Amino acid sequence: MSPDFRPLLGRELDESEIDDVLTAAGVGVLSMSADGVPYGVPLSFGYDGAGTVYFVFLGTTNEFRKEAYAEQSDVASFTTFDLEPDGSWRSVIVAGPLSRVTVDEWDTAREAMADNAYRSTLLSRYELQENPNVWALEARDLSGRAAGHE
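None of the values given here were measured: they were computed from a predicted structure.

Trainee: Any chance you could explain the sheet that holds strand 1 (residues 11-12) here in plain terms?
Mentor: Think of a sheet as strands paired side by side through backbone hydrogen bonds, with each pair either parallel or antiparallel. Spatial strand order, 1-10-7-6-2-3: 6 strands in an open sheet with antiparallel pairing. Edge positions in the open sheet fall to strand 1 and strand 3 (37-44), since each of these has one partner strand only. Alignment of strand 6 (residues 76-83) against strand 7 (residues 89-96), held across 8 bridges, turns out to be antiparallel. Opposite T80, over in strand 7, you have V92 as the bridge partner.

Trainee: Where do I start with the sheet that holds strand 5 (residues 52-56) in this structure?
Mentor: One open sheet holds the 4 strands; their spatial order is 4-5-9-8, and the pairing between them is antiparallel. Of all the strands in the sheet, just strand 4 (46-47) and strand 8 (98-100) have a single pairing partner and so form its edges. In this sheet, strand 9 (residues 134-138) lies alongside strand 5 in antiparallel orientation, the contact comprising 5 bridges. The residue bridging F55 from the neighbouring strand is W135, located in strand 9.

Trainee: How do you make sense of unusual backbone geometry when you look at a structure like this?
Mentor: Peptide bonds are trans in most cases, and residues, glycine excluded, mostly fall at negative phi. Positive phi outside glycine occurs at D35, with the angle close to 55°. With respect to the helices and strands, D35 occurs in the loop between strand 2 (27-34) and strand 3.

Trainee: Teacher, can you tell me more about the environment of G40 here?
Mentor: Structurally, G40 can be placed in strand 3. Under the relative-accessibility criterion, G40 is labelled partly exposed at 42%. Spatially, the C-alpha atom of G40 lies 9.7 Å from that of Y69, the residues being 29 residues apart in sequence. If near-sequence neighbours (up to four positions away) are discounted, G40 is found in contact with V29, L30 and S31.

Trainee: Any chance you could explain the packing of aromatic side chains here in plain terms?
Mentor: Given two aromatic rings, one states the distance between the centres and the angle between the planes to describe the pair. Evaluation of the coordinates by the stated rule reveals 4 aromatic pairs. Taken together, a centroid distance of 4.9 Å and an interplanar angle of 40° make the contact between Y39 and Y69 tilted. Taken as a pair, Y39 in strand 3 and Y69 in helix 3 (residues 65-72) lie far apart in primary sequence, 30 residues in all. When the centroid spacing of 4.8 Å and the interplanar angle of 65° are considered together, the rings of F45 and F78 count as edge-to-face. Taken as a pair, F45 in the loop between strand 3 and strand 4 and F78 in strand 6 lie far apart in primary sequence, 33 residues in all. As far as the burial class goes, F45 and F78 line up, both buried. One aromatic cluster is present, built from ring pairs that chain together F45, F55 and F78.

Trainee: What should I look at first to understand the environment of E12 in this one?
Mentor: With respect to the element layout, E12 can be found in strand 1. For the pair E12 and S143, spaced 131 residues apart in sequence, the C-alpha to C-alpha distance is 7.6 Å. Setting aside anything within four residues of it in sequence, one finds E12 in contact with E17, G144 and R145.

Trainee: Help me understand the pattern of salt bridges in this model?
Mentor: Side chains that carry opposite charge are capable of pairing whenever their charged atoms lie near each other. With the rule as written, the count across this model stands at 3 salt bridges. Across the pair E17 and R11 runs a salt bridge whose closest N-O atoms are separated by 2.8 Å. Judged by its relative accessible area of 22%, E17 is partly exposed. By relative accessible area, R11 is classed as partly exposed at 27%. Measuring nitrogen to oxygen at the nearest pair gives 3.0 Å for the salt bridge that ties E138 to R140. Since its relative accessible area comes to 62%, R140 is described here as exposed.

Reading guide: rules and limits
Sequence order as written defines residue numbering, which begins from 1 separately in each chain. Predicted model: local features are reported for residues with pLDDT of at least 70 only, side-chain atom pairs are reported and counted for 80 or more only, and whole-chain, interface and lining totals are derived from all residues. For side-chain calculations, the full set of non-hydrogen atoms in the structure is used, while hydrogens and water are omitted. Strand pairing requires that DSSP identify at least two bridges connecting the strands. Helix and strand assignments follow DSSP, with helices taken as H or I runs no shorter than four residues and strands as E runs no shorter than two, numbered in order from the N terminus. Residue exposure (1.4 Å probe, protein chains only): buried if accessible area is under 20% of the type maximum, exposed if over 50%, otherwise partly exposed. Throughout, a residue-residue contact means that at least one pair of heavy atoms, one from each residue, lies within 4.5 Å. Pairs were defined over the aromatic rings of Phe, Tyr and Trp, the Trp ring being its six-membered one, requiring ring centres within 6.5 Å. Orientation was assigned from the angle between planes: stacked under 30 degrees, edge-to-face over 60, tilted for the rest. For this analysis, a salt bridge means a side-chain nitrogen from Lys or Arg found within 4 Å of a carboxyl oxygen belonging to Asp or Glu.

Structure below.
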C-alpha cells in the first residue's frame, strides 16, 4: 500500500481512548441480523464505562422490527464515530451479545444513558414498566481508530 494512504487509515485507539469516544458520542448505529438478513438502526445510547452499551427501543412499529432482530441476533455490532470540521475523526466498533434489560437493571441502564445519550432528558419521561424495552450490548470485542486526533 502506498504511504499516501496511511493518514486515511488513522491509528488504533487504546482502551481509554475507546472509552472516551463511547462516553462522548451519544449516537451510533446498532447492526443486527435475523435469518441472514441484516438490519442497522441509528440509536441514542448510554455507556456505563465498564463494557456495556445501553439502548432504549422507542417508537416501535406494529411489527416490532428492532425487538425481533435483537432477540434473534447471536452477536450484534454497534458503531459510533465523530467527524470534526478539520477532517479529523474517531470511530469505535463494539460487538457482543445483546440482551433485554430486566427491571432490576433499569436504574443502571438509565444512569448510563443519562450520562451520555443524545437528548437524554427525554428518558426521564420514560416510565418504568414491568418489562422495559431497554437492551444491553455486552462489549466482548472493542476496537477504535482515529485520524487527526494527536
